[in-house]
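Examination of the molecular architecture
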Amino acid sequence: MKLKILFVVFSFFPNSFGTGGFYPYGQSNGDTAVGKNDDSSSPKIPISTLFPFFNHQHNHLIVNTNGVISFLKTVSTFTPNPFPLDDDRRLIAIFWADVDTRNGGTVWYRESTNQTILNRATEEVRTYFPQFFRFQATWVFIATWDNVAFYGCSNCDIRNTFQEILITNGQHSFTVFNYGQIEWTTGTASHGDALTGLGGVPAQVGFNAGDGRVFYVVNASRTPDIISVNHMSNIGIPGKFAFRIDAAEIDNGGCNTWGTLMISPRYGPMLGGQYVVIGGPCMNPDDSIQILYSPIERSFSCRRESNYSVVCITPMFNLTGDIKIVLIIRNVNGKTRRHSGVYTIVNPAISNNPVRRHEPEKWINGQQYGISWDPQAFELRGSERIHIHLYTLKEHLNKQLVWEKSVLHDNINNRRQIFYISLYSEGYVGTILVTPAIQTEFDIPTRGIWSDIFAIVPTQEHSKQLCFSWLRNEVRMPGVSSDDLPPCPCTLQQALMDTARYQPDPDCNMINTRKQDLNCLYRADAQHCVRLSAPGPFGKDNVCCYGVDQNLIDSRIKEGGTLQRYHYLGGEGNVPYLTNFYYDVLPYLHCCKYGSSVDLGYEGISVFSECQDYLHFRNISSCFNYVPPRPAGANGDPHMKTLDGFGYNFNGIGEFSFIISNNASFKSQIRFEQAKNSAGQYVRASVCTSFVAQVTNISDKVEVRLNSIRVADVIINGQTQDFSDVSWLRYRGVSVLNLPKYSGNSTGREIMVMFADLGVSFRILATQEVLNVMPIIGNIHLKGTVSGLLGDFDGIPTNDLILPNGNVLEPNATEEAIFQKFNTAWRIPSTDSLFTYPNGRKYADYNVMHAAFLPTFFTSVASSVTPEAVELCGNNTDCLFDFQVTGSKEIAQETLDFTTKLEEAEDAAVPVIACPMLRSTEGGVWQSNSTLENAKAVFICGMGYRRKNPCIPTICKNGTWSNFHPCFCEKILRLTPSSTLQPTHTATPVLNDNSDLLKSISSKVQMMWFTIGGGVIIIIIITLIASFVLCFKFRSRERSTRSTEGTSSSIGTIGSLSGYRKYTGGSQKYHGHFNTDRGQMYSDCHDDSTRSLPRYNVYENRAFRYSETDSRYDDIPFREQRHPDILY
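Residues numbered from 1 in each chain as written. Predicted model: local features only at pLDDT ≥ 70, side-chain atom pairs only at ≥ 80, totals over all residues. Heavy atoms only, no water.

**Comments concerning the environment of Phe819**
Following the sequence through the fold, Phe819 ends up in helix α6 (residues 815-825). A relative accessible area of 3% places Phe819 in the buried class. Here the alpha-carbon distance between Phe819 and Asn651, two residues 168 residues apart in the chain, equals 6.7 Å. Among residues more than four places away in sequence, those in contact with Phe819 are Phe650, Asn651, Gly652, Phe853, Leu854, Pro855 and Phe857. (Helix = DSSP H or I, 4+ residues; strand = E, 2+ residues; numbered from the N terminus. Buried < 20%, exposed > 50% of the residue type's maximum accessible area, 1.4 Å probe, protein only. Contact = heavy atoms within 4.5 Å.)

In C-alpha cells:
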C-alpha cells in the first residue's frame, strides 16, 4: 500500500544546507567507517537491544553504502527499485541512490547509549510526537553519509550529506532523517548525467516491509524533485523528517492541517488533575487555546508547548468511560478552529495511584502516617516543592456528596522518599492529592497526583453513631433483595471461571497485583472476590468472596461479601465507585469493624448487634441455586472443544465464524494462519492469530491480534489500545482486562473480553506464536440458539458438527471430512468480516490465497511420535500432534498448558449441589466451612450467650440440611461485671430475625430520644437566641459591604456566602470555592429518582481563593489575549 507524506518546499532557502542539526559523527565521536566501496555495505552489525520495525523485532542491521539501512539482507542495487519490494528486503531508505565513496566521502555509523545523545533523542521524539511525551530513549543508532559522491561522476566535487537516526525504548521506535547539502540524485549507471548527477532514475526515500505489500514513500521519490529533499519536511523544519516506525504503518511526526487530535494519555483518573498532552493540529505562538470536556459546559485554558502540542489539565468528573473533548484554537484575527477527540475517564477502583499510603490498614484519625509519591510525575513537572492536600468526602443536604479540601502540608521537598502526615479530619472517606507548589492561572484545573480513596478510621463511639445513623436511613430505603440477582459461584475455581457474569473485584483479587498493599484491605479474610460484571436491577451488586479454603465466605463468621445497593461501576444517580464506597462499604466498616466492641467476659464467637443490623440490610452472599457457565476452547493447531463438550480438530486457514447468535445479534470470528516451525519455516499446520467479537449496534468491536513486539494488541473499533499504564478498560457494552502474563510465562498475556449484558466472555491466552481462546457462556437463554465452529449449545455433544444449512456430520467423521466441509461452510464472506486488516493486507490475503492449503492430519503422524515429544507432552494427544506437525516446542507447551486450564474450567462447570444459608438467631449462628454437599454446620452461641436448647450438627444432603432442628441462644446474666469493651478492627457479625432487628433499632432510638429529650428543648432555646444575634451581625455586615461596592473588582463580585447559596439553589455557574485552608469541590449529577439516591458534587477541581470582599466569577468568557507564561 503506497503512502505519502505532506511536505513543504521552502524556495527561499539556499540549495546547500549545513549540518548544524546533525548528531555528532565521525572518528572523533567513536564512529566506525565503512570501507571505500561502490555498492557494498558494512558487515552485519549486532545491536545491543531489539529494534522494532514494521511489527518485527531485529537484533542486527546493515548500513549499506547506497543510502539504505537494512535488517535482513544487504542492498547492493544501485538503481532504487520502486516500492513495495518482497524477498525480505526490509529496509529504511534515507536516500537510496548510487553512492560511490571511492570518488569521495565516508559512511560512518555507531550505536550509542551515551546519556547526552539519549536525552537529545528523547526530546526530539517528545517534541515531534506529542502523544509520546513520556517516551524515554534507551538506545540510539547514528548512520551518516558524509560528503559522498556518486558513481560515474566526472565532476566529483558534487556531494551529498545526510544522516539517519534510529531511536527506541525497546517497545516503540522512531527515525529522524537529517539532510545537509544535496547536490546530486543519480549515478551514471542509473542513466544520470556524469557532470551534474541529475536525470535518469533519481533517489528514493521511504520504508519497505519486505513482504511485497507494505511500504511508505516520500512524494518526490524517483522524481527530479528529490533534489530538494533538504528543503522539505514533515515536521515543518526544512531538511528534517521524523517517523514512528515500529508499528504496521509508518506514522508522521509533527502536526497537520486536518487536525486529528492525538491525546496522551488517552485515559486518566475520574478525580482529574492529569497532565494531558494533545497534538495533531498545528498551533501558532499567538493562538489562544481552550478545551471543552463534554460533560462540562465551561471551557478550560490550555498551554501551548510548541507548534505541535498543547498541555491541558483534566478537571474532576462524576462519570467514567469515553467522553468527547473539543480543542478550540483561536488566532489573533479571531478565526476559530475546533478539533475533537475521545478521552477515557477511568474508574477510581482501577486507576493507578502515584501517591502511596504506607501501612494503609492502620490509618486511624488523629495519628501520623507515611506517604510517598512519584517525584517524576509530569503533574509535578517544573516544581521542586509540593503541597499535600487531604480531600474528604461528606454527605451534605439533599444527599449531595461533597469533597472538602484541606492543606495538610505545604512547600515540601518533592524529592522526599517518605513523608509523614498527621491525619486529622472530620470526614470519613478521604484521598490525598499532591500538587506542585507553583502559581497557576485560576481558570485552569489544579494538576496533581492522587492516592487511593480510603476510609478514615474514627473513634469507636463515633463509628457507632455513624452506624446508627445509616441504619435509621436504611429503614426508609427500598430493600436490597437477592431475588433478582444471580447467586454467587460456590467455589473459587467457579468464580475464576465465571467471567461471563462476574468479574474480579478490583479491590480484592488474586489476578491483578498492581495494588498489592491495598488488596483485600477491607476484607481481610478473603483472598479473592468477584462482583457482578454489570449493575443488576436498580443498580445493585453482589460481592462474593473466597477464603484460603477456596470456599465462599460466610460474612457472619468472617469478612466476606454481601449484597450492595450500589454497583461500583455507577449508574443513574450513582457516582462510579464513590457512591458504593460511601453507602455500602463505609457502613460495613463502621457497623462491623470500627464501631464494634468485643465482650471479653465469656467464651464463644463475637456477636455485635450493629453488624447484625447491617447484614439485615445487606444480606450475606449465597451460592444456593448457582448454575455454572459453560466453557469451550480453540487452541494449538486448532483443536476445538465445543460448548457441549465435543472435541475435534479443524486445521483450516482463513477467517471463520466462531460463535454467532442471530437472536442476540452477536458475532465472534476467528482467524487461522499457516504456522511456522522453530526455524521460521512454514509447515502444514495452522494456528489462531486473531479473534474479534461484537454485539451489533450495542457494543464496540473488540479484536485481539498477535503482535511480534507486544505479544498481542487489543483493537477497539479499529484503534489499537494502550494498556501500558492500566490493565482494565471499559468500552460501550464490553470491558477488557489485560494482564501481562499467566502461569509464570513472562512472555505471555492473558486478555479477558467480557460482554456482561450478554453473559458471554472470552479468555484469550497469547504468546508470540499463537492465540488460544476459551469462550465462557453464562446466559442460559442462548442455549440452542448459537452456531459456528463451537456447535449449537443445545446440551447434545453428538450433533455439534453442524453446518450452516442445518446438516450434521457424524460425530465419528474423519479429520479430512471435517476439514473439507468446514473449510468452506464456516468461512465468513468478505462482507461479513469484522476484522481490521493490517496495512497492505485485505480479506483475500487470508482467505483466497490459501485455497489450496492441505494440512497434515493426526492419523498421518500418530505412529511417528518422537521421544522428545512424549517427554514434553506425556499422553496429551493435542500436544503430541502439535509438536510433531509444527516442530515448535513453544506451541506444543502452550497447547499442554491450555488443555490443563480448559479441563479445570470444565470441572468448574459441573453443577454442584448446595444448601441455602442457615438462618441466624439472636446471639447465635450456624457455622460451616461451606454450604456444599456433605458440609457440616454447627450451631454456636456468641459471647454472653449460651444454648437454650439441645442442638445437634446438621449436614447438607441433596440440597437440604438433614435432621435440622431450630436452635436458640439465651443471654447469660452476670452478677458482677467481668468484661471490658475494647475497640477492634475485626468483626464477626450475626444476622437476626427481622422482627428482632426492628425491635432492636426501635428500642435504641426510643432510649436515645428519652435520654436527650430534655436537652433538645434547651438546645432549641439557645439556638433561637444565637440566631437573633447572628442575624443582627450579618445585617450590619451587609450594610457595610454595600457601602464599599464602588471599590469591588471590575470582573464582578460574589460574596462567598451568597455564592454558596447560589450554587445550592441549583445554579450550574458556580463551580466551587476554596479558602486558604479548606475548600469544597462540586460537580452536578442531577437525580430525578424517587429512591432518594445520593448526589455528587465534584464539578471541577480548580478551586480558587476568595475573601469576603474579593471574589471572582469562574464562568470566564473565551480569552482573546495570550496567556502569560505561567508554569502549571
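After that view, the rundown keeps rolling.
**Considering unusual backbone geometry**
The bulk of non-glycine residues show a negative phi, and the bulk of peptide bonds are trans. A cis amide bond links Phe83 with the next residue in sequence, Pro84, at an omega value of 10°. Among the structural elements, Pro84 can be located in the loop between β4 (68-70) and β5 (91-96). Backbone torsion omega between Ser264 and Pro265 reads -5°, so that peptide bond is classified as cis. As for its placement among the helices and strands, Pro265 is situated in the loop between β14 (262-264) and β15 (267-269).

**Some points on the packing of aromatic side chains**
For the structure on display, the rule yields 57 aromatic pairs. Seen from their ring centres, Trp363 and Tyr369 are 5.0 Å apart, and the 15° between their planes marks the pair as stacked. Overall, the relative accessible area of 6% leaves Tyr369 in the buried class. Among the aromatic residues, ring-to-ring pairing joins Phe646, Tyr648, Phe650, Phe656, Phe672, Phe819, Phe822 and Phe857 into one connected group. The ring centre of Tyr23 lies 4.0 Å from the NZ or CZ of Arg120, which sits over that ring. (Phe/Tyr/Trp six-rings, centres within 6.5 Å; stacked < 30°, edge-to-face > 60°. Lys NZ or Arg CZ within 6 Å of the ring centre and 35° of its normal.)

**Points about the environment of Ala937**
Considering the arrangement of structural elements, one finds Ala937 in strand β52 (residues 936-941). In this structure Ala937 comes out as buried when scored by relative accessible area, which is 1%. Expressed as a C-alpha distance, the spacing of Ala937 and Ile952, which sit 15 residues apart in the sequence, is 9.1 Å. The contacts of Ala937, once residues within four sequence positions are left out, are Leu918, Trp926, Gln927, Ser928, Pro953, Thr954 and Trp961.

**Let's talk about the state of the cysteines**
The tally for this structure, following the rule as stated, stands at 13 disulfides. There is a disulfide in this structure between Cys153 and Cys156, and the S-S distance comes to 1.9 Å. With the S-S dihedral at roughly 90°, the linkage between Cys153 and Cys156 falls on the right-handed side. Disulfide pairing is shown between Cys508 and Cys520; the S-S distance is 1.9 Å. Because the sign of the S-S torsion sets the handedness, a value of about 85° for the bond joining Cys508 and Cys520 places this disulfide among the right-handed ones. Taken together, the residues Cys508 in the loop between β31 (502-504) and β32 (528-532) and Cys520 in the loop between β31 and β32 connect sequence positions 12 residues apart. (Disulfide = S-S within 2.5 Å.)

**Here we look at the pattern of salt bridges**
The final tally for this structure, using the stated rule, is 35 salt bridges. Here Glu305 and Arg303 are joined by a salt bridge, their closest N and O atoms 2.5 Å apart. Arg356 serves as the salt-bridge partner of Asp517, at 3.2 Å between the closest nitrogen and oxygen. Taken together, the residues span a long stretch of sequence, with Asp517 in the loop between β31 and β32 and Arg356 in strand β23 (residues 356-357) at a distance of 161 residues. What makes Arg356 partly exposed here is its relative accessible area of 41%. Residues joined by salt bridges that share partners form a network here, namely Arg244, Asp246, Asp251, Arg710 and Asp713. (Salt bridge = Lys/Arg side-chain N within 4 Å of Asp/Glu carboxyl O.)

**Overview of the sheet that holds β31**
With respect to topology, four strands assemble into an open sheet ordered β31-β32-β33-β34, the strand pairing being antiparallel. On the outer flanks of this sheet lie β31 and β34 (563-564), each paired with one strand and no other. Pairing between β31 and β32: three bridges, direction antiparallel. Note that in β32 the partner of Tyr502 across the bridge is Leu532. (Pairing = 2+ DSSP bridges.)

**Looking at helix α10 (residues 889-908)**
Since one α-helical turn is 3.6 residues long, residues separated by three or four positions face the same way. Its 20 residues give α10 an end-to-end C-alpha distance of 29 Å, which sits within 8% of 28 Å, the value for a rise of 1.5 Å per residue. Every buried residue belonging to α10 is among Ile891, Ala892, Glu894, Thr895, Leu896, Phe898, Thr899, Lys901, Leu902, Ala905, Glu906 and Ala908, and all of these are buried. (Expected span 1.5 Å × (residues − 1).)

**Notes on the side chain of Arg749**
Turning to its location among the elements, Arg749 is positioned in strand β48 (residues 749-755). Despite its burial, Arg749 pairs with no opposite charge; the closest candidate is Asp713, at 7.7 Å N-O. There is a polar contact of 3.2 Å between the side chain of Arg749 and the side chain of Asn738. (Lys, Arg positive; Asp, Glu negative; His and termini not counted. Polar contact = N/O pair within 3.5 Å; in protein donor to acceptor, adjacent residues only side chain to side chain.)

**A closer look at the sheet that holds strand β24 (residues 368-372)**
On the basis of which strands lie adjacent, the open sheet formed by three strands has the order β23-β24-β27 and antiparallel pairing. A single partner strand is all that each edge strand has here, and the edge strands are β23 and β27 (419-422). Strand direction decides the pairing type here: β24 and β27, joined by four bridges, are antiparallel. Paired with Gly370 across the strands is Tyr420, a residue of β27.

**Observations regarding the nonpolar core**
Counting 148 residues, the largest nonpolar core has Trp373, Ile388 and Phe762 as its most contacted members. For this core, the element with the most residues is helix α4 (residues 578-594), which contributes 11 residues. (Core = buried A, V, L, I, M, F, W, Y, C linked by side-chain atoms within 4.5 Å.)

**Describing α6**
Taken together, the buried positions of α6 are Glu815, Ile818, Phe819, Phe822 and Asn823. Buried residues of α6, seen end-on, are gathered within an arc of 115° and therefore sit on one face of the element. For α6, the elements touching its buried residues are β39 (647-649) and β40 (654-661). (Arc of directions from axis to C-beta.)

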